[in-house]
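Each chain is listed here by its residues.
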Amino acid sequence: MIVIDELPFSFVEKEGFMKFMRITQSLFRLPSPKTITRDCYEVYGELKQNLRRSFREAQPKICLTTDTWTSLQRINYMCLTAHFIDREWKLHKRILNFCPIISHKGEEMAKSISNCLLEWKLDKVFTITMDNASSNDVTVKELSKKVDMWKTNMMSGEHLHVRCMAHILNLIVQNSLKEIDASVTRVRNIVRYVRSSPARTLKFKQYCAYVKVECTKILCLDIPTRWNSTYLMLDTAQNFKKAFDKFHLFDDGFSAYQCSHLCEDGYSAGPLESDDWVNVRNMIDFLARFHELTKKVSVTSSNNASNTSSGSVITASLIRTKLHLKKQKEDNGSGELARDVLAIPISSVASECVFSTGGRILDSFRSSLTPNCVQALVCVQDWLREDKNHISGEEDLEYLEELELESDALFVYAAVLNLS
């Protein structure tokens, strides 16, 4: 409970919990926080030995995802996650390490990754999925040299680096948003103005009721570096156009704010115009497709990738391969190759999501936890959660084809938009 629900060790001393235990089982002797800490380390050691034994018996080729994160303590952490399909054709995701690193430089990252793999006695690395940062190119190059030394590098590491699809989609969308940057900025400003005080928010709600806005969503302000939040802001704001128009007529400060507010570039975006809403609606239609695809490629459960989009590479050739290999599962050669290829993650979200857990564990009230303790808590939580969402070798192939066609259409759409 302490680990899975991310509770502090001192939870056992909380008044509410102690009262609950007195009522449910008065004879139960509550452990101290020190005992809980020691038990967590013991569970971590036991589960780690079990997982190491499983790897030794299965000897899978593993696909890796990795990313880095800086905690409140200003410590750089690296999360290394292994993905593989077992002999029962179930896809697994296991966090191997959540450890501090010296720096984000490629050489140091490669050294940390190789040390983690040596600790686990895993040398059969099939791929590693990372984003397009230049330092990651160095990381993969240096890691490829290590795998060469282990004599397990497939095709001399030519396809070792799988670039994160979610990151590629982000680059495409961010580039497209530049086309209507002025319109987006103006919508952002009017949303910010309404949300800046309770009085304005209340007045805006009154205007919504007056013009009979049926949308029940709440205006949200985006984070400019996260395009999906920009999409949600625009998609919500368009429903309140009539209310904004009414606000413009009766609130003198509304127009003044739009003309006087300076953006990050030091210039004013100016007042919202009718063409801005046209641009916004067109962009919403464009972003909706990417929003849905991003959700599909980014879906991951707490313990293992829960669907095809986050757990395997999806291309027309692989779909055809799978159709063929489904009939030959008993053939060790082709079956093993299929498991290796289909386990390749197309995004690094599996590792990135762990940082949300790390952030909750290392909050401002528990910032004194040591890196070893943080790693134990993160890994044990991942290993203890039940495997409820395995991907099966018998999954729906029509879904794969539909997703791949969607992906192709989006890239063509983006290319046409950039050319125009």
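Reading guide: rules and limits
- Residues numbered from 1 in each chain as written.
- Predicted model: local features only at pLDDT ≥ 70, side-chain atom pairs only at ≥ 80, totals over all residues.
- Heavy atoms only, no water.
- Helix = DSSP H or I, 4+ residues; strand = E, 2+ residues; numbered from the N terminus.
- Expected span 1.5 Å × (residues − 1).
- Buried < 20%, exposed > 50% of the residue type's maximum accessible area, 1.4 Å probe, protein only.
- Salt bridge = Lys/Arg side-chain N within 4 Å of Asp/Glu carboxyl O.
- Pairing = 2+ DSSP bridges.
- 1 Å grid on protein atoms, 1.4 Å probe; cavity = no way out; pocket = protein on both sides within 12 Å on 5 of 7 lines; lining within 4 Å.
- Points joined across faces, edges and corners; volume = space filled by probe spheres on them.
- pLDDT = per-residue confidence, 0-100.
- Contact = heavy atoms within 4.5 Å.
- Arc of directions from axis to C-beta.
- Phe/Tyr/Trp six-rings, centres within 6.5 Å; stacked < 30°, edge-to-face > 60°.
- Lys NZ or Arg CZ within 6 Å of the ring centre and 35° of its normal.

Enquirer: Could you clarify how one ought to interpret helix 3 (residues 106-120) in this entry?
Expert: Note: α-helices contain 3.6 residues per turn, so residues at a spacing of three or four share the same orientation. Its 15 residues give helix 3 an end-to-end C-alpha distance of 21 Å, which sits within 8% of 21 Å, the value for a rise of 1.5 Å per residue. Listing the buried residues of helix 3 in full gives G106, M109, A110, S112, I113, S114, C116, L117 and W120. Immediately beyond the C-terminal end of helix 3, within one or two residues, lies K121, with a positive phi of roughly 60°.

Enquirer: Is there a simple way to think about the environment of L377 in this case?
Expert: Inspection of the secondary structure assignment puts L377 in helix 17 (residues 371-384). Sequence separation between L377 and E6 is 371 residues, and the spatial gap between their C-alpha atoms is 8.3 Å.

Enquirer: For this particular structure, what's the right way to read the pattern of salt bridges?
Expert: Oppositely charged side chains are able to pair whenever their charged atoms sit close together. On inspection of all chains with the given rule, the structure shows ten salt bridges. Here K61 makes a salt bridge to D340, at a shortest N to O gap of 3.6 Å. Residue K61 is located in the loop between helix 2 (33-58) and strand 1 (62-70), and its partner D340 is located in helix 14 (residues 332-342); the two are separated by 279 residues in the primary sequence. The class for D340 is buried, based on a relative accessible area of 8%. As a salt-bridge pair, D222 and R188 come within 2.8 Å of each other at their nearest N and O atoms. One end of the pair, D222, is in the loop between helix 7 (198-210) and helix 8 (227-237); the other, R188, is in helix 6 (residues 181-195), with 34 residues separating them in the sequence. Comparing D222 with R188, the two get one shared label, buried.

Enquirer: Where do I start with the pairing of strand 3 (residues 91-100) in this structure?
Expert: Consecutive residues of a regular strand have side chains that alternate between opposite faces of the sheet. Burial analysis of strand 3 places nine of its ten residues in the buried class, which makes it a mostly covered element. Where strand 2 (residues 76-85) hands over to strand 3, the hairpin turn is made up of five residues, of which W89 adopts a positive phi near 65°.

Enquirer: I would appreciate a short explanation of unusual backbone geometry in the present structure.
Expert: For residues that are not glycine, phi is negative in most cases, and the peptide bond is trans in most cases. Not every positive phi belongs to a glycine, and K121 is a case in point at roughly 60°. Tracing the backbone shows K121 in the loop between helix 3 and strand 4 (125-130). Look at K151: it is not a glycine, yet its phi comes out positive at around 60°.

Enquirer: Would you mind going over the layout of surface pockets with me for this structure?
Expert: Of the pockets and cavities examined, the second largest pocket occupies roughly 480 Å³. For the second largest pocket, the lining is made up of 21 residues, of which D181, T185, R188, P224 and E264 are closest to its centre. Those elements giving two or more residues to the lining of the second largest pocket turn out to be helix 5 (165-177) and helix 6. The element that contributes the greatest number of residues to the lining of the second largest pocket is helix 6, accounting for eight residues.

Enquirer: Whenever I open this one, the confidence of the model for the protein confuses me. Can you help?
Expert: Do not read the predicted coordinates in detail wherever pLDDT is low. Mean pLDDT over the protein stands at 80; residues scoring 70 or higher make up 78%. Within the model, pLDDT remains below 50 along residues 300-321, and this stretch shows 76 contacts once partners closer than five positions in the same chain are excluded. In this model residues 387-398 is a low-confidence stretch, pLDDT under 50, and it forms 30 contacts with partners more than four residues away in sequence or in other chains.

Enquirer: Just checking my understanding: could you explain helix 9 (residues 241-250) for this structure?
Expert: Taken as a whole, helix 9 has its buried residues at A243, F244, K246 and F247. Projected down its long axis, helix 9 carries its buried residues within an arc of 160°, all on one side. For helix 9, the exposed residues set more than 90 degrees away from the buried face come down to K242 and L249.

Enquirer: Help me understand the packing of aromatic side chains, please; the structure alone is not making it clear to me.
Expert: Where two aromatic rings form a pair, the distance of their centres and the angle of their planes describe that pair. Enumeration according to the criterion identifies 19 aromatic pairs in this entry. With 5.7 Å between their ring centres and 5° between their planes, Y44 and W383 make a pair best called stacked. Remark: W383 occurs in helix 17 and Y44 occurs in helix 2; sequence separation between them is 339 residues. For the pair shown, Y44 and W383 are each scored as buried. Ring plane angle 90° and centroid distance 5.6 Å describe the contact between Y207 and F247, whose orientation is recorded as edge-to-face. In this pair, Y207 sits in helix 7 while F247 sits in helix 9, placing the two residues 40 residues apart along the sequence. Residue class for Y207 comes out buried when judged on its relative accessible area of 15%. The structure contains a cluster of three or more aromatic residues connected by ring pairs, namely Y193, F204, Y207, F240, F244, F247, F250, F254, Y257 and W277. Residue placement shows K48 over the ring face of W120; its charged tip is 5.5 Å from the ring centre.

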